[in-house]
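Structural description and commentary
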Number of protein chains: 2
Amino acid sequence: MSAEAYNTRLIRYLANYLTENRKTTIEQVLSHRTRKVTIALEDIYQPQNASAVVRTCECFGVQDIHIIENTTSYQLNKKVLKGSYKWVNLIRYKQKNSDNTLACIQALRNRGYRIVATDPAGRESLEEFDFGHEKVALVFGNEDKGVSSTVLENCDTILRIPMKGFTESLNVSVSVAVCLYQIMLKLWKSGDYGLSEDEKNELRLSWYRKSIRGSAMIEKRFLESLH
Amino acid sequence: MSAEAYNTRLIRYLANYLTENRKTTIEQVLSHRTRKVTIALEDIYQPQNASAVVRTCECFGVQDIHIIENTTSYQLNKKVLKGSYKWVNLIRYKQKNSDNTLACIQALRNRGYRIVATDPAGRESLEEFDFGHEKVALVFGNEDKGVSSTVLENCDTILRIPMKGFTESLNVSVSVAVCLYQIMLKLWKSGDYGLSEDEKNELRLSWYRKSIRGSAMIEKRFLESLH
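Here's a quick rundown of the structure. Computed from a predicted structure; not experimentally measured.

**Some points on helix α5 (residues 100–110) of chain A**
Residue and element names in this part refer to chain A. Listing the buried residues of α5 in full gives Asn100, Thr101, Cys104, Ile105 and Leu108. For α5, the angular spread of buried residues about the axis comes to 140 degrees, placing them on one side. Packed against the buried residues of α5 are β1 (37–42), β2 (64–68), β3 (89–93), β4 (113–118), β6 (135–140) and α6 (149–154). Looking at the residues trailing α5, positive phi occurs at Gly112, about 90 degrees.

See the structure below:
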């Protein structure tokens, strides 16, 4: 039996342990999940900020969040997360003695993303920015210094959020939310942002496992029933 | 001499103590300040959240922020604020043994605001919401419970931010930013959101005072020069 066929049968088996309500919720959330847009955070050090970003991505349907850890280690604040981290993929870049920013940008390019850095001095304003039909990775920098020169030198363009006050920048979790909502509005209208059936199946299985208490034992029984 | 005439002369006097650069910045910020929209926060208890809201308002040009303190006392986090609180007006409702929520709503109505509560179960979605040409006050609730029943019963409408994930709500500072940016986009395009000349003069004087080291002493000399 192929891995796909195994997974399909396992999903059907696990479905017996979920309420109709839960299955409906999972299908609804799945139908709005997207990889057309992703977020990369570079050396964010306040757990509250990183956590609020994860929560925002989960709420808006963004499945992948890339975490670059050159100088700071990514930490979470459970109170802010509200369980959101369970339902998204955190992809971490934290090799020692290595440029994790470059590694992340390369990985994003390999996945077909256009790299959009965000900076208060950016060339293009969010008000007029055309996200086009390409896949977009938005890169946000550290709370004090913003994105690094590595990001600025290796991105495709630099985006700024229009600001009209004395304060020079928005909080990073606020910046992510403002940009992300603008992109999502467009994607939701276009309808063209969903995952492939294979991607959906993979997530469905993962979410079923997370939604069922003692799913490992149940899966063991399923495996035995195959023999 | 009338108070207005006094202030006008004082502003001219204080202007000698500011660089051209500083005066230009102040005029730019002034030209984008608005009271067409305001934010009210009800019993927010995390200083990080309240502070991020103040910073967002300052960055987007919202001059007034209303703080309702029934059960919690408003506290600030200087690291998050980045000095933003100096340039906005915080109007606090914190009378003991009194319904501060009602007091705030009444005060907002007296100032001509339409009261828009925000809640994940809101009737109207931000995607289609028409902010119209009226003055709008957006009310955001406590991190755990959202807006109180007092707000829900006394508002004009309830707005929800579209959400597509498992997590039921966004962080409060994120919610404020997402809603506010949508309104500001519309106001910036319309061009119809600025303060009156009197309001600008009042703020100009206040900001000159805050921008000049030892402004109290300088003002004293100005006063003496009048006699």
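**Notes on the sheet that holds β6(A)**
Residue and element names in this part refer to chain A. A sheet is described by the order of its strands in space; here 7 strands give the open sequence β3-β2-β1-β6-β4-β7-β5, paired in parallel fashion. Among the strands making up the open sheet, the edge pair consists of β3 and β5 (124–125). The pairing of β5 with strand β7 (residues 157–160) spans 2 bridges and is classified as parallel. Each residue of the ladder has a partner; that of Ser125, found in β7, is Arg160. Helix-sheet contacts for helix α3 (residues 47–60) involve β1 and β2, and the interaxial angle to β1 is about 175 degrees. Where α5 meets the sheet, it contacts β1, β2, β3, β4 and β6, and its direction lies at approximately 155 degrees from that of β2.

**Points about the environment of Thr72(A)**
Residue and element names in this part refer to chain A. Locating Thr72 in the fold gives a position in the loop between β2 and α4 (78–81). Expressed as a C-alpha distance, the spacing of Thr72 and Gly194, which sit 122 residues apart in the sequence, is 33 Å. Aside from chain neighbours lying at most four places away, what touches Thr72 is Asp43, Ile44 and Tyr45.

**A few points about the relation of the copies chain A and chain B**
Superposing chain A onto chain B takes a rotation of 180 degrees combined with a translation of 0.0 Å along the rotation axis, leaving an RMSD of 0.0 Å. Between the two chains, the operation in question is that of a two-fold axis. In this assembly the copies share their binding face: 100% of the residues contributing to the interface of chain A also contribute to that of chain B.

Parameters and conventions
- Residue positions are counted from 1 within each chain, in the order its sequence is given.
- The naming scheme follows written order: chains are lettered A onward, ligands numbered 1 onward.
- Given that the model is predicted, a residue must reach a pLDDT of at least 70 before its local features are reported, and side-chain atom pairs must reach 80 or more before they are shown or counted; all residues, however, enter totals for whole chains, interfaces and linings.
- As a rule, residues whose C-beta atom has 12 or fewer other C-beta atoms within 10 Å are exposed, those with 20 or more are buried, and those in between are partly exposed; C-beta atoms are placed from the backbone.
- We count a stretch as a helix when DSSP gives it H or I for four or more residues in a row; a strand needs E for two or more, and each element gets its number in order from the N terminus.
- An arc is given here, and it is the one of the directions from the helix axis to the C-beta atoms.
- By the criterion used throughout, residues are in contact when their C-beta atoms, derived from the backbone, lie within 7 Å.
- At least two DSSP bridges between two strands are required for those strands to pair.
- Here the axes come from fitting lines to C-alpha atoms, over the contacting stretch only for helices, and the angles between their N-to-C directions go from 0 to 180 degrees.
- When the copies are superposed, the least-squares fit takes in the C-alpha atoms of residues with a pLDDT of at least 70 in both.

Keep in mind these numbers describe shape, not what the thing actually does.
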